Amino acid sequence: MILDNLSRALKTQNWFAAGVEFIIVILGVVIGFQVNAWAQARELRGREEQYLVELLSDFRAMTDALERMEAQSRYEADLAEAIDVLRSCPPDEAAWAPVRQALARHRIRTQIFVVDGTYEEMVASGALARLEDTALKAQIKYTYSLLNNNVRVSSAANAALAVSASAVIVGVVPFAPDPDSLFQVSVAPGFEFQSLCDHLELNNAMLDLWHATWSRERVHAGVLEVMRETEGMLAARVEPAP
């Protein structure tokens, strides 16, 4: 209809009418683009909010897993007690229980459970870059940088030290399958624990294992604190106030 009117005005050289019709056409195109852009922006904002909801779920899963792991681990304190027993070298067999326990679990490793599917999708789609909350955006980036770089590098270094220590332990202490043990193995019956008192290599291996465990548990505690902070910021953003 508008194009017909414009064509008719041009044929009759009615320049005023032609100009009006032309402006109407241009306005219609501009408004159409604006409406489409508004709809796309609204869709993007909705998707970004959904990303944040999913990211909150990911952080809760990681935080819960790390909290349970840390609550059940506490190996550093057990190793410290075992090292004290080694140094004192008690004659009483029962006093060696901490060493028996620490040796039985020497191969148990813990690591942070990283869920980054939603985060990677946010980065790839540009949703993270478009996030207007700069504080939340910076916190999310910092947390995943901590998880993907510092923690993994630290975990690899600590794991290498622990593996080396475990190799020494296995070469010195005999183990036997123990289905009743949480670790499925235990020190072989009849082993003379006092033979470890002056075993320098074994004592050094226990110290290395303690150091690796101490470092890992400190890293995990620091990461857990950051993850809780990020989780709180996400919850404040996507969950309605009570």
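Above this note sits the structure.
Note that the structure is a prediction, hence the values are computed from the model and not measured. (Residues numbered from 1 in each chain as written. Predicted model: local features only at pLDDT ≥ 70, side-chain atom pairs only at ≥ 80, totals over all residues. Heavy atoms only, no water.)

Here the focus is the side chain of E76. By secondary structure assignment, the location of E76 is in helix α3 (residues 75-88). Residue E76 is classed as buried on the basis of its relative accessible area of 15%. Not counting residues up to four positions away in its chain, the partners in contact with E76 are W210, T213, W214, E217 and R218. (Helix = DSSP H or I, 4+ residues; strand = E, 2+ residues; numbered from the N terminus. Buried < 20%, exposed > 50% of the residue type's maximum accessible area, 1.4 Å probe, protein only. Contact = heavy atoms within 4.5 Å.)

With that settled, the discussion passes to the packing of aromatic side chains. Taken as a whole and judged by the stated rule, the model has 5 aromatic pairs. Summarising the aromatic geometry, the rings of W96 and F193 are spaced 5.8 Å apart at their centres and angled 25° between planes, so their arrangement reads as stacked. With W96 in the loop between α3 and α4 (97-104) and F193 in the loop between β2 (185-187) and α8 (200-238), the pair connects residues that are 97 residues apart, well separated along the chain. Overall, the relative accessible area of 1% leaves W96 in the buried class. The rings of F59, Y119 and Y144 are connected pair by pair, giving a single aromatic cluster. (Phe/Tyr/Trp six-rings, centres within 6.5 Å; stacked < 30°, edge-to-face > 60°.)

Take the packing of α3 against α4 next. Between α3 and α4, the least distance of the axes is 8 Å, while the angle of their chain directions is 130°. What the angle tells us is that α3 and α4 run oblique. As α3 packs across α4, the resulting crossing turns out to be left-handed. Together, Y75, D78, L79, E81, A82, V85 and L86 of α3 and P98, V99 and A102 of α4 make up the contact between the two elements. Among the residues making up the contact of α3 with α4, the classes are represented as 8 nonpolar, no polar and 2 charged. (Axes fitted to C-alpha atoms, helices over the stretch in contact; angles between N-to-C directions. Parallel < 35°, antiparallel > 145°, perpendicular 65-115°, else oblique. Left-handed = near helix turned anticlockwise from the far one by under 90°. Nonpolar A, V, L, I, M, F, W, Y, C, P; charged D, E, K, R; others polar.)

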